[in-house]
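Single-letter residue listing:
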Amino acid sequence: MTETRLHITRRRLLKGAASVALTAPMINRAWAQEATQINMLAWYGHAEPDIVAEFEQANNVKFVPKYYAGGDNMLALISQSPPGTYDLILSDAEFVQQLNGAGYIEEMDASLYPFDDFYPEFQKFPGHWTDNTLWSVMVRYGLLGVSYNTDVLTRAEAMSYNAYWNPKVTGKVGHFDWHLPSLGQISLLNGNKAPSPFNIDAAAWGAVQEKMMSLKPQVGGYFDYGGTFSGLKNAEMLAMVGIGDWITGVLEKDGAKVSSVIPEEGGIQWTESYSIGKGTNKQEIINKFITYMLSPKGQVKSIQMAAYPGLSPTKSGWKAIQEANPAEAKRSGLIEGDDNDPIKM
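Being a predicted model, the structure only gives us computed values, none of them experimental.

Draft legend 1. Local environment of the side chain of S260. As for its position among the elements, S260 is in strand 11 (residues 258–261). The buried category is assigned to S260, whose relative accessible area is 15%. Within polar-contact distance, the side chain of S260 engages the backbone oxygen of G244 at 3.5 Å. Here T248 takes part through its side chain, which lies 2.7 Å from a polar atom of the side chain of S260. Discounting residues that sit within four places of it in the chain, S260 has contacts with V146, S147, Y148, G244, D245 and T248.

Draft legend 2. Geometry of the pairing of strand 6 (residues 137–144). A large share of strand 6 lies buried, amounting to eight of its eight residues. Taken together, the seven bridges between strand 6 and strand 12 (residues 268–276) define a ladder with antiparallel strand orientation. Bridging from a neighbouring strand, Y141 pairs with T271 of strand 12.

Draft legend 3. Region of the structure containing the packing of aromatic side chains. Within this structure, the stated rule accounts for 21 aromatic pairs. Pairing Y113 with F115 gives two aromatic rings, centres 6.3 Å apart and planes at 80°, and the pair type is edge-to-face. Across the pair, exposure class does not vary: Y113 and F115 are buried alike. Between the aromatic rings of W270 and Y308, the centroid separation amounts to 6.2 Å while the plane-to-plane angle is 65°, which identifies the pairing as edge-to-face. Taken as a pair, W270 in strand 12 and Y308 in the loop between helix 12 (296–303) and helix 13 (315–324) lie far apart in primary sequence, 38 residues in all.

Draft legend 4. Examining the sheet that holds strand 2 (residues 61–68) more closely. In spatial order, the strands read 2-1-3-12-6; together these five strands make up an open sheet with mixed pairing. Edge positions in the sheet fall to strand 2 and strand 6, since each of these pairs with one other strand and no more. Across this sheet, the average inter-strand angle for adjacent strands is 20°, counted without regard to direction. In the packing of helix 4 (residues 93–101) onto the sheet, the strands contacted are strand 3 (88–92) and strand 12, and the crossing angle to strand 3 comes to about 130°.

Cut-offs used in this document
Residues numbered from 1 in each chain as written. Predicted model: local features only at pLDDT ≥ 70, side-chain atom pairs only at ≥ 80, totals over all residues. Heavy atoms only, no water. Helix = DSSP H or I, 4+ residues; strand = E, 2+ residues; numbered from the N terminus. Buried < 20%, exposed > 50% of the residue type's maximum accessible area, 1.4 Å probe, protein only. Polar contact = N/O pair within 3.5 Å; in protein donor to acceptor, adjacent residues only side chain to side chain. Contact = heavy atoms within 4.5 Å. Pairing = 2+ DSSP bridges. Phe/Tyr/Trp six-rings, centres within 6.5 Å; stacked < 30°, edge-to-face > 60°. Axes fitted to C-alpha atoms, helices over the stretch in contact; angles between N-to-C directions.

All quantities given are derived from atomic positions and should not be read as evidence of function.
See below:
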């Protein structure tokens with residue numbers, strides 16, 4: 001090999017190395033920009049960093065949320081959008097059948113999810129299945145009871161929905177502005193438990209209306225989420241109908257003198273479940289995310305969600321929060337046999 005040829009070869013080698021050095025970072029940057037976008041329709045908080053950031057980083061995806069307030073708002077958003085707009089839909093259990101009936105969600109493969117880890121009450125949750133066909137998977141739930149100011153009412157006084165008529169809170173009882181939980185609580189107070197506080201005859205419905213109207217002198221207002229939150233925080237409202245720990249739990253952590261209990265008449269359960277949006281082509285990564293949220297790690301994140309706390313439907317979720325945050329497990333009753341144990345209730 002001549003000196004000239006050796007010199008040319010070295011120049012070419014250096015030129016090639018420089019080319020690789022210059023283009024490799026550009027390739028890496030391009031790859032980072034090509035994260036799979038997952039369009040999520042959900043209540044606020046479910047696509048925030050405390051819930052999804054770790055999954056996004058590990059799987060090169062990016063959640064793009066559209067937040068709604070109330071199931072009717074959710075249905076309206078879907079109906080106004082073409083199929084495939086939303087890849088992942090979070091809804092309350094009572095709306096799953098409506099989503100299915102309208103053709104807004106895809107059938108799901110039940111074998112992909114850890115139903116054997118679910119408590120029996122949640123394994124084949126009503127409305128989530130049509131015979132053996134799965135349409136939605138529960139990821140969290142909570143209970144609505146009596147929410148109250150702990151400086152004004154004692155826990156014992158709050159252990160019945162009759163607390164709303166307590167003279168201590170006259171003119172200071174608020175209503176969360178969604179009629180179903182409020183009416184359900186008064187129905188429970190009237191003894192309508194089986195088959196449910198919402199499945200009642202005309203006579204029982206008339207009695208519920210009469211009882212609700214008798215509460216009018218106690219009522220200080222009707223509030224959306226923000227108004228409910230500030231009303232309890234600032235003690236403008238001393239008791240609140242139709243909510244529970246999903247609001248007071250956030251306030252408690254900030255030091256507010258509020259709490260929620262499930263009274264002797266029972267509570268109203270809320271349930272949040274994931275469905276796969278009709279027309280999406282991202283089923284594989286969506287199923288991976290749902291499975292992640294049902295894992296012990298995912299359930300710890302869900303239970304402690306910054307926007308509002310929830311409870312876990314899985315046995316491993318209970319065990320994981322007991323290990324990760326014993327104080328929160330105790331506060332939320334996620335300890336078997338505890339006085340606040342939601343399964344026992």
